[in-house]
Amino acid sequence: MENFIEKHKEDLIEIVREIVKIKSVEEKEIGDAPFGKGVKDALQFALKTGKEMGFKTKNLDNYAGYVEYGKANESISVLGHLDVVPEGKGWTHPPYGAEIEDGKIYGRGTTDDKGPIMAALFALYTLKETEIPLKKRVRIIFGTNEETGWKGINYYKQHEKEPLIGFTPDGNFPVVNREKGILNVSLVKKFASLNTNVIINGGERSNMVPDYAEADIKSLPNDLHLPENVTISGNKIIAKGVSAHAAQPWEGKNAIVLLCKALAKLDIKEDVKSIIEFILDKVSDDLYGERLGIALEDISGKLTLNLGIIKVNKEQGELTFNIRYPITDKAERIIKNIGKEAEKYGLTVQKTRDLKPLFVKEEEPLVQKLLSAYEEVTGEKAYTIAIGGGTYARAMEKGVAFGPVFPNTKAVEHQPDEYIAVDDLVKLAKIYARAIQKLAE
């Protein structure tokens, strides 16, 4: 297997580069593209590639699709996604250029999750071409809506009834058997009178640390002293932070918080001022929810808090938080405590969305086989870990996240200049080939 992958690694690299060049950020539905043309194009490219490899393929109305190998009744699944978060700012390489420099492929989705799921597809191709016998059917499943709502994989599960058992290449190595719960909470304040003084916008997605926020001020004082990374352009105050995945908020710098530190020095309408005060009093640089009274820690790690979006218009203000909570915690506790603190500032909980935590025991054969595959290919001791990220593993009847991020590797997903090292991409294909072989024995 490994010799085949080494011999044909340029094919793998080219497949990944081509799919990264497709901008597959979710957009509005258009025609037969439920998540926009780019997402549809990425799905069709993946299925076309699978068909050219000699696999059976199926497109489920551009909501999802899969490549299948084998005819056995029992099956295992590898489930990944082709949609990506917006590119954000601060790139030094074109976000959809798939440029190779210093042994790295740069582009949005190289690590999360186009590169890894195409490595899994190439791994299955390797098993087929080297004629390694498998006793189970294998499906490589392509989701299209993982970053924004899971409608794609839910559509798949409505139309394909067999259980999903296997892994998603969308986490960390060695094996992620514990995933924190993911809770989105939106707080809203309706204004008593029209706000004509300041309009505020920041952040694009709740699951990203916002790298940009701005306030359009009707009248700016001349002697305003601004914090670092906050500037004035015309009537706008602009804050620039550092983007990161909401599961690792310490990797970023929140532009909304930076902006609010500047706005606190201005004479602003009371309704808007209370929102700014809430952010500075109860959020600020606290990444673990201590100020909101929601902090908790267990074997899956600490609760983390990310203020991802702010929208303040003439009628109301809205804040959207992304919270990763430990596996022994409950969303109800968090919502109650946030609501209690928010009410003091006139904000109320308006919307919530909760993905329950995941926990698969280490003794499970699924976990043991993946640990073994990792050790055999890398020569390193394998172990189970917990993450704050939410993966398609929890969409499975029994599933875990398995790679692609190796231990002691810098997290680059959701960040500018996201990349995957070519050597790591090739190693992924080898690990996934061994893993699929073991799961399908």
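Computed from a predicted model, the values in this text were never measured in an experiment.

Caption draft 1: Structural detail: unusual backbone geometry. Cis geometry is adopted by the peptide bond preceding Pro174, which originates at Phe173 and carries an omega value of 0°. Mapped onto the elements of the fold, Pro174 is located in the loop between strand 8 (171-172) and strand 9 (175-179). Positive phi, close to 70°, is recorded for Trp150, a residue that is not glycine. The topology assignment puts Trp150 in the loop between strand 6 (137-143) and helix 5 (151-159). The exposure class of Trp150 is buried, given its relative accessible area of 8%. Here the phi dihedral of Ser284 falls at roughly 45°; this positive angle occurs in a residue that is not glycine. Inspection of the secondary structure assignment puts Ser284 in the loop between helix 7 (270-282) and strand 17 (297-298). Classification of Ser284 as buried rests on a relative accessible area of 13%.

Caption draft 2: The layout of surface pockets, seen in detail. Of the volumes computed, that of the largest pocket is approximately 910 Å³. Looking at the largest pocket, it is lined by 42 residues, and the ones nearest its centre are Glu147, Asn184, Ser206, Asn207 and Arg353. Looking at the lining of the largest pocket, the elements with two or more residues in it are strand 8, strand 10 (181-190), strand 19 (304-312), strand 20 (316-325), strand 21 (348-355) and strand 25 (404-405). Of the voids in this model, the second largest pocket is the one considered here, and its volume is about 370 Å³. Element by element, the count of residues in the lining of the second largest pocket is highest for strand 23 (residues 384-387), at three residues.

Caption draft 3: Main features of the pairing of strand 2 (residues 64-69). For strand 2, a buried count of five out of six residues is recorded, marking the element as mostly surrounded by other parts of the structure. Pairing of strand 1 (residues 56-60) with strand 2 involves five bridges; the strand directions are antiparallel. Its bridge partner lying in strand 2, Asn59 is registered against Gly65. Between strand 1 and strand 2, which pair antiparallel and follow one another directly, the connecting turn spans three residues, one of which, Asp61, has a positive phi of 55°. Two strands pair when backbone bridges link them, and strand 2 and strand 6 are joined in this way by six bridges, in the antiparallel orientation. Paired with Val67 across the strands is Ile140, a residue of strand 6.

What counts and how
Residues numbered from 1 in each chain as written. Predicted model: local features only at pLDDT ≥ 70, side-chain atom pairs only at ≥ 80, totals over all residues. Heavy atoms only, no water. Helix = DSSP H or I, 4+ residues; strand = E, 2+ residues; numbered from the N terminus. Buried < 20%, exposed > 50% of the residue type's maximum accessible area, 1.4 Å probe, protein only. 1 Å grid on protein atoms, 1.4 Å probe; cavity = no way out; pocket = protein on both sides within 12 Å on 5 of 7 lines; lining within 4 Å. Points joined across faces, edges and corners; volume = space filled by probe spheres on them. Pairing = 2+ DSSP bridges.

The values are spatial; any link to function lies outside them.
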